[in-house]
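A closer look at the structure
Residues per chain are reported as follows:
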Amino acid sequence: MTSPLAVAVIGAHGRMGQAVCDAVEGADDLTLVAQLGADDSIDALAGSGATVAVEFTVPSATEENVHALIDAGLSVVVGTTGWADESLDRVRRHLEERNAGSDDGDALGVLIAPNFALSAVLAMTFAKQAARFFESAEVVELHHPNKVDAPSGTALTTARHIAEARAAAGLGAMPDATQTQVDGARGAVVDGVHVHAVRLRGLVAHEEILLGNPGEQLTIRTDSFDRSSFMPGVLLAVREVVRRPGLTFGLDQVLDLG
Ligand SMILES: NC(=O)C1=CN([C@@H]2O[C@H](COP(=O)(O)OP(=O)(O)OC[C@H]3O[C@@H](n4cnc5c(N)ncnc54)[C@H](O)[C@@H]3O)[C@@H](O)[C@H]2O)C=CC1
Ligand SMILES: O=C(O)C1=N[C@H](C(=O)O)C[C@H](O)C1
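Cut-offs used in this document
- Residues numbered from 1 in each chain as written.
- Chains lettered and ligands numbered in written order.
- Predicted model: local features only at pLDDT ≥ 70, side-chain atom pairs only at ≥ 80, totals over all residues.
- Heavy atoms only, no water.
- Near = heavy atom within 4 Å.
- Polar contact = N/O pair within 3.5 Å; in protein donor to acceptor, adjacent residues only side chain to side chain.
- Areas by Shrake-Rupley, 256 points an atom, 1.4 Å probe, with all protein chains shown as cover.
- 1 Å grid on protein atoms, 1.4 Å probe; cavity = no way out; pocket = protein on both sides within 12 Å on 5 of 7 lines; lining within 4 Å.
- Sits in = over half its atoms within 2 Å of the grid points.
- Axes fitted to C-alpha atoms, helices over the stretch in contact; angles between N-to-C directions.
- Helix = DSSP H or I, 4+ residues; strand = E, 2+ residues; numbered from the N terminus.
- Parallel < 35°, antiparallel > 145°, perpendicular 65-115°, else oblique.
- Contact = heavy atoms within 4.5 Å.
- Nonpolar A, V, L, I, M, F, W, Y, C, P; charged D, E, K, R; others polar.
- Domains from an automatic or database assignment.
- Buried area = accessible area lost by both parts, 1.4 Å probe.
- Pairing = 2+ DSSP bridges.

Some details on the site of ligand 2
Near ligand 2 you find Thr 81, Pro 114, Asn 115, His 143, His 144, Lys 147, Ser 152, Gly 153, Thr 154, Ala 205 and Phe 230, and these make up its full shell. The separation between an oxygen atom of ligand 2 and a polar side-chain atom of His 143 is 2.6 Å. At a separation of 2.6 Å, an oxygen atom of ligand 2 approaches a polar side-chain atom of Lys 147. Look at ligand 2: alone it shows 320 Å² of surface, and the protein chains cover 84% of it. If you map ligand 2 onto the pockets, it falls in the largest pocket.

Encoded structure:
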């Protein structure tokens, strides 16, 4: 029998961190060896035996944590939002330097996913597939009011995928004759796609992608009613990241949906 994969959780006292600790403890093939909070240094992992870290913290801390975890010799699964292209490039380069000359078994991986819920991953995939067939597309994300960032990482990724698909299909700007009377009335604009953020007590994490043509509409909707929805994806990522040297962005890559 192979020994369980040793997992450290960074941001362990947060909403997602706590759920991840419980999920890891409930998995026969994983063992929880460290739980770090905001006041702990990554150096505290020395001697823990951790092979993989799961990182759910805050956008302002996540990149620094990931570099420190690579330096500490761990593969990393990241759910924290706020990843710009330049940050992803820095992590990709760091991994290339760290993995140069390593045996396959020693090479490190980092898997960053804006959303680990299967329904959300599929919604993003379907939106990307549908985008080229519609004149109009807008994204509405709806979350609990304790969320620190807007728009959500999922909505940003969805909008970017829609914009890429439209550009590849040669579609121009979307029809929109509106003159806004109040700043922000039409939401944020991400690569030409309008994105609207709702914060409402009682919600967890939800997104609607609205696609319109003359006389018809396609609505793609994903709802996470509970943080348990993210756990199968997080655990899958933990098991996969040790087999995937380098940077992987999006759970769709692991599910062969990319
Ligand atoms: N990818 C996905 O599927 C999901 C991603 N998220 C994202 O995960 C992040 C965390 O979300 P929540 O758990 O709801 O937030 P939260 O606010 O409940 O938890 C964040 C935790 O990180 C801790 N923290 C802050 N700086 C730290 C540092 N330098 N080192 C260690 N811990 C630190 C905080 O003290 C807090 O306990 C957000 O960016 C959120 O958007 C949330 C849900 C699903
Ligand atoms: O903060 C949250 O709760 C969530 N954050 C992620 C995001 O910003 O996309 C994923 C999910 O929407 C929940």
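Back to the text.
Some thoughts on the packing of helix α2 (residues 59-71) against helix α3 (residues 85-99)
Between α2 and α3, whose axes approach to 11 Å, the crossing angle comes to 5°. The orientation of α2 relative to α3 falls into the category roughly parallel. In contact with Glu 63, Val 66, His 67, Ile 70 and Asp 71 of α2, α3 contributes Ser 87, Arg 90, Val 91, His 94, Leu 95 and Arg 98. Broken down by class, the residue content of the contact of α2 with α3 amounts to four nonpolar, three polar and four charged.

Notes on the domain arrangement of the protein
Domains assigned within the protein are domain 1 (5-116 + 228-254) and domain 2 (118-225). On a C-alpha basis, the centroid separation for the pair domain 1 and domain 2 is 28 Å. Counting residues at the interface gives 11 residues for domain 1 and 16 residues for domain 2. Between domain 1 and domain 2, roughly 1,000 Å² of surface is buried when both sides are summed, and carbon and sulfur atoms account for 57% of that area.

Re the sheet that holds strand β1 (residues 5-10)
If you trace the six strands from one edge of the open sheet to the other, you get β2-β1-β3-β4-β5-β11, paired in parallel fashion. Strands with a single pairing partner mark the edges of an open sheet, and in this sheet they are β2 (30-36) and β11 (246-249). Taken over all neighbouring pairs, the strand axes of this sheet differ in orientation by 20° on average, direction set aside. Sheet topology note: the β1/strand β3 (residues 52-55) ladder contains four bridges and is parallel. Residue pairing across strands places Ile 10 opposite Glu 55, the latter belonging to β3. Sitting on the sheet, helix α1 (residues 15-25) touches β1, β2 and β3, and the angle it makes with β2 is about 155°. Lying on the sheet, helix α6 (residues 231-241) is in contact with β1, β2, β3, β4 (75-78) and β5 (109-112); it crosses β4 at an angle near 155°.

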